[in-house]
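Here is what each chain is made of, one letter per residue.
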Amino acid sequence: MAQATLSPTLAKQAHLRRERTRSLVYYVGVTLLAFIMVYPILWLFASSLKPSAEIWTTVSSLIPRTITWENYTNGWRGFGGISFTTFYMNSFIYAIVGTIGSVLSSAIVAYGFSRIRFFGRGFWFVCLLMTLMLPAQVTIIPQYIAFSKLQLLNTWWPLLLPKFFGGAFFIFMMMQFIRGIPKDLDEAAFIDGCGHAGIFFRIILPLIVPALITAAIFSFYWTWEDFLTPLVYMNKPNLYTVSLALRSFADPSAATDWGAVFAMSALSLIPVFILFVIFQRYLVEGISTSGLKG
Amino acid sequence: MATSGQTISDEARGVGRISTRPVSRRRRRNLNNLAGYLFISPWLIGFFLFTFLPMLASLYFAFTDYSILSPPRWVGLANFEQMFFHDPRYWKSVQATFYYVFAAVPLRLAFALVVAMLLNNYRPGVGIYRAAYYAPSVIGGSVAVAVMWRQIFGTQGVVNALTGFLGIPPVTWLGDPKTAIWTLIILAVWQFGSPMLIFLAGLKQIPKELYEAASMDGAHGWSQFLHITIPMLTPVILFNLVMQMISGFMVFTQAFIVTGGAPLDTTLFYALYLYQRAFVNFQMGYASAMAWVLLIVVALFTALVFRSSSAWVHYETEGD
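As the structure is a computational prediction, the values presented were derived from the model and not from experiment. (Residues numbered from 1 in each chain as written. Chains lettered and ligands numbered in written order. Predicted model: local features only at pLDDT ≥ 70, side-chain atom pairs only at ≥ 80, totals over all residues.)

Examining the overall build of chain A
Item 1. Across its full length, chain A holds 15 helices and zero strands.
Item 2. Over its C-alpha trace chain A gives a radius of gyration of 26 Å, far above what one expects of a compact globule, namely 19 Å for 294 residues.
Item 3. A principal-axis box enclosing the C-alpha atoms of chain A has dimensions of 75 × 65 × 35 Å.
Item 4. Across the 294 residues in chain A, those meeting the buried criterion constitute 43%.
Item 5. Summarising the internal contacts of chain A: among those between residues at least 6 apart in sequence, 73% fall at separations of at least 24. (Helix = DSSP H or I, 4+ residues; strand = E, 2+ residues; numbered from the N terminus. Rg over C-alpha atoms; globule rule 2.2 N^0.38 Å. Buried ≥ 20, exposed ≤ 12 C-beta atoms within 10 Å, placed from the backbone. Contact = placed C-beta atoms within 7 Å.)

As structure tokens, then:
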């Protein structure tokens, strides 16, 4: 005690030094882990820039000895006379139309559940939550049969139509968000003569833009990466999404040009990364507040 | 004010009780019912068209022999009998799925928690690390990553190249029945981003005073972790456990691309086998029966976890 009062600066310095070593250990640790985490991704991009001969000879290296864009031009040609232009168009149609449909419909439903007291609300809300746990396998077979009876296989209907009826995850997330908006705002608008439609469009919708963005990003990711649905419904190569095309392209029994496969794989991740970089804040908040799966 | 029917849950606030005219109150309630159902109608219609009716149909198909081309033929419990007693591949798929769920889910959650704790401080640059750790999860479900994974664990792949530096002979990771499933488990663990973010949000909710009080009492590090962090996080752990378990039971794309169920059906996950029965062999009845067993198993496990939660999940009492 007496010593500490005699040399407070010395104790402080020792403390500071200890803090600095701890900090150093911490940063070395988290950096190493971060490197392990992103290594496979960097590897994919590095391999996509290596000439074919180099890919398997310097397999673990992240720096190509010579950089070539050949893999990208070769890969873009696609297969069966259909280039990746078609596959990207298909993926963008699916992801963009699907996202618009599911975000808008989810917002409307979320308003209904969180701001209107109606008979049976609790019951339907429980149904909504139950659908979150429902395996897609239970519903996809009858859906497939129905769409095939309606002669709608190999069309956009089975992929896009269900998106316009709200997604349970997004509805739930937006409800959490709407709950945070003070009801005084609704009441003020009501006194000014707004009905539910007016309150929804003029008050709630502008205020839940962050939630809409979060939902839109997740929706884009999930449709962009969706594999099972197009796999089941789209059997013609000219209707393949990028996911399906990659799978055929990278078929181990057929593929030989691994450089091109890596190039197209890496390319398919770029829209996802761009959104991730721009909207990271929304993603983190979306997951943290509602526990969405990524 | 009460002249218009379009009120905003004013009954909830007791405003409606001021009104002395019961007729207008009923009218208002009816209008609220109408508005409510109008607003939820997109979901409600979708629920009936794409969830409820398909479920009923699926339940019916489960008791039939149905190949789409000819009408369904009622076979009673034959599908279930075949599945449980005469289909060794079915049990292979059950085994692979349980193995995967029981290995991947705890590992992923443990990783997520450890990394969340590492990131739960205000050191500069934490945001960048958080992004780096989350990045694999963003792309995790994509075919591109699955294709990449197959090459990373291929015989000429990166993993063998790296272990080669340490003098370890190359391993056929994807061809060996012992290791193939682990490549998929590692792929799952690699994507610990979402539970990590949820843990991180949970950690930030723990009041600092608890740690300060514990420090006063002489509890540090491990002891604080065991007696404050873990109990306070148990609601979040429960949530993560349920969500990860459900998605674990339904794992499909990764196995479809990386291993295709091989070798010797050790990675023939339930959803993969179901897909093969339904969309390769077009045995819709059999596949529907499989889907219902999956649904029941998932529901049972979820219920089990929730039932057990009263024993281990700590909920803060009001005003505590």
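Here the narrative resumes.
Overview of the overall build of chain B
Item 1. Check the secondary structure of chain B and you find 15 helices and two strands.
Item 2. The C-alpha atoms of chain B give a radius of gyration of 26 Å, which is well past the 20 Å a tight globule of 320 residues would have.
Item 3. C-alpha extents for chain B along the principal axes are approximately 85 × 70 × 35 Å.
Item 4. Counting the 320 residues in chain B, one finds 40% classified as buried.
Item 5. Within chain B, residue pairs in contact and separated by at least 24 positions form 68% of the contacts whose partners lie at least 6 positions apart.

Let's talk about the nonpolar core
Item 1. Ranked by size, the top nonpolar core spans 162 residues in total, and within it Ile171 and Met174 of chain A carry the most contacts.
Item 2. With residues up to four places along the chain from it excluded, the contact list for Met174 of chain A reads Ser106, Ala107, Ala110, Ile208, Ala211 and Ala215 of chain A. (Core = buried A, V, L, I, M, F, W, Y, C linked by C-beta atoms within 7 Å.)

Looking at the packing of helix α9 (residues 168-179) of chain A against helix α12 (residues 209-225) of chain A
Residue and element names in this part refer to chain A.
Item 1. Across the interface, α9 lies against α12 with an axial gap of 10 Å and an inter-helix angle of 160°. It follows that α9 is roughly antiparallel to α12 by the angle criterion. The two elements α9 and α12 cross, and the hand of that crossing is right-handed. Residues Phe170, Met173, Met174 and Phe177 of α9 pack against Ala211, Thr214, Ala215 and Ser219 of α12. (Axes fitted to C-alpha atoms, helices over the stretch in contact; angles between N-to-C directions. Parallel < 35°, antiparallel > 145°, perpendicular 65-115°, else oblique. Left-handed = near helix turned anticlockwise from the far one by under 90°.)

Some details on the environment of Leu269 of chain A
Item 1. With respect to the element layout, Leu269 of chain A can be found in helix α15 (residues 258-290).
Item 2. Taking the C-beta count within 10 Å as the criterion, Leu269 of chain A has 23 such neighbours and is therefore assigned buried.
Item 3. Counting along the chain gives 228 residues from Leu269 of chain A to Ile41 of chain A, while the straight-line C-alpha distance between them is 9.6 Å.
Item 4. Beyond its immediate stretch of four places on either side in the chain, Leu269 of chain A contacts Ile139, Ser142 and Ala144 of chain B.

Details of the environment of Gly248 of chain B
Residue and element names in this part refer to chain B.
Item 1. For Gly248, the position within the fold is in helix α12 (residues 221-249).
Item 2. Residue Gly248 is classed as buried on the basis of its C-beta count, with 21 C-beta atoms lying within 10 Å.
Item 3. The spacing of Gly248 and Thr97 is 151 residues in sequence and 8.0 Å in space, taken between C-alpha atoms.
Item 4. The contact partners of Gly248, leaving out residues within four places of it in the chain, are Tyr100, Val101, Ala104 and Val105.

Side note on the interface of chain A and chain B
Item 1. At the interface, 74 residues of chain A touch 77 residues of chain B.
Item 2. Counting residues per element, the side of chain A that touches chain B draws most heavily on α15 of chain A, at 10 residues.

Looking at the packing of helix α5 (residues 88-119) of chain B against α12 of chain B
Residues and elements named next belong to chain B.
Item 1. Following both chains from N to C, one finds α5 and α12 inclined at 145°, their axes separated by 9 Å at the closest point. Regarding α5 and α12, the two cross each other, and that crossing is right-handed. In this structure, α5 uses Thr97, Tyr100, Val101, Ala104, Val105, Arg108 and Leu109 to contact α12, whose residues at the interface are Asn240, Leu241, Gln244, Met245, Gly248 and Phe249.
Item 2. Class assignment of the residues belonging to the contact of α5 with α12 gives a composition of eight nonpolar, four polar and one charged. (Nonpolar A, V, L, I, M, F, W, Y, C, P; charged D, E, K, R; others polar.)

Remarks on the confidence of the model for chain B
Residues and elements named next belong to chain B.
Item 1. Counting all residues, the mean pLDDT for chain B is 85, and 91% of those residues have values of 70 or more.
Item 2. Long-range and interchain partners of residues 1-20, a stretch whose pLDDT sits below 50, account for 27 contacts in this model, where long-range means more than four residues apart.
Item 3. Both scores are given for the predicted complex: the pTM is 0.86, the ipTM 0.85. (pLDDT = per-residue confidence, 0-100.)

A look at helix α8 (residues 158-165) of chain B
Item 1. For α8 of chain B, the set of buried residues is Val158, Val159 and Asn160 of chain B.
Item 2. Those residues of α8 of chain B that are buried lie in contact with α2 (8-48) of chain A together with α7 (143-152) of chain B.

Some points on unusual backbone geometry
Residues and elements named next belong to chain B.
Item 1. Although it is not a glycine, Ile68 sits at a positive phi angle of roughly 70°.
Item 2. Of note, Ile68 is situated in the loop between β1 (64-65) and β2 (73-74).
Item 3. C-beta crowding within 10 Å serves as the criterion here: with 15 such atoms nearby, Ile68 is assigned to the partly exposed category.
Item 4. Here the phi dihedral of Phe282 falls at roughly 55°; this positive angle occurs in a residue that is not glycine.
Item 5. The exposure class of Phe282 is partly exposed, given the 13 C-beta atoms found within 10 Å.

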